[in-house]
Amino acid sequence: MANFTIRVEDHSDEVLKEMEEIKERILEAWGQQGVSYVKQVITATSRVDTGAMRNSISHQVAEGESAVYVGTNDEKAIYHEYGTGIHADNGRGRKTPWHYQDRHGEWHTTRGMKPIHMIKNGIGDHVKQFKQIAENELKK
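The shown structure was predicted, so the numbers you read here are calculated from the model rather than taken from an experiment.

Definitions and limits used
Residues numbered from 1 in each chain as written. Predicted model: local features only at pLDDT ≥ 70, side-chain atom pairs only at ≥ 80, totals over all residues. Heavy atoms only, no water. Helix = DSSP H or I, 4+ residues; strand = E, 2+ residues; numbered from the N terminus. Expected span 1.5 Å × (residues − 1). Buried < 20%, exposed > 50% of the residue type's maximum accessible area, 1.4 Å probe, protein only. Contact = heavy atoms within 4.5 Å.

1. Things to note about helix α1 (residues 12-44)
Then step 1. The end-to-end C-alpha distance of α1, which contains 33 residues, comes to 47 Å, matching closely the 48 Å that a straight helix rising 1.5 Å per residue would cover.
Then step 2. What α1 keeps buried is the set Ile 22, Ile 26, Leu 27, Ala 29, Gly 31, Gly 34, Val 35, Tyr 37, Val 38, Val 41 and Ile 42.
Then step 3. Close packing links the buried residues of α1 with α2 (52-56), β1 (58-62), β2 (67-71), α4 (118-124) and α5 (127-139).
Then step 4. Positive backbone phi, at 55 degrees, marks Ser 46, one or two positions downstream of α1.

2. What about unusual backbone geometry?
Then step 1. Not every positive phi belongs to a glycine, and Ser 46 is a case in point at roughly 55 degrees.
Then step 2. By relative accessible area, which is 62% here, Ser 46 ends up exposed.
Then step 3. One non-glycine residue, Ser 66, adopts positive backbone phi at about 55 degrees.
Then step 4. Looking at where Ser 66 falls in the secondary structure, it is placed in the loop between β1 and β2.

3. Section: the environment of His 104
Then step 1. Mapped onto the secondary structure, His 104 falls in the loop between β3 (98-101) and β4 (107-110).
Then step 2. Overall, His 104 belongs to the exposed group, its relative accessible area being 59%.
Then step 3. With 17 residues separating them along the chain, His 104 and His 87 place their C-alpha atoms 25 Å apart.

If you want it as C-alpha cells, here you go:
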C-alpha cells in the first residue's frame, strides 16, 4: 500500500481580502468615471454659467454598502436635473410665468427650465462602460 500525505491549505482570507480590494478599486473607478460623464452632460447641454455646478460634481464610495454615489451639493443642481415650471418632470411645476433678476442685474421672464437629467443620463447612459471598467479591474 502506498504511503502519502494530504495537505489542505486554506487561503480563503487572502482571497476575500483580494476580492474586497478589487471591489474598492471598481467602485472608485466607477465614481471617477461617473463624475466625468455627468460633467460631460452639463457641458454638452450648455448649462455652464460660472462652472460652479459642474465643478461641484463629485463621488463618494460608501463604506460597508458596496456602493458609490455621484452627485453635487450645489443647491441649484436639482432644478437642472428635474426641470422647473411647465417643464418639471413631475408635472407639478408652476404653470404661470415668473420674473427673476440675474447676477448682472437684468430682469427675465420664464415659464421654467427643461430638465437635463445630468446625473440620470451621465450614469444611466454608460452602463456598458461601467461594466467594462469592472471587467478590466478583474483582469489586473
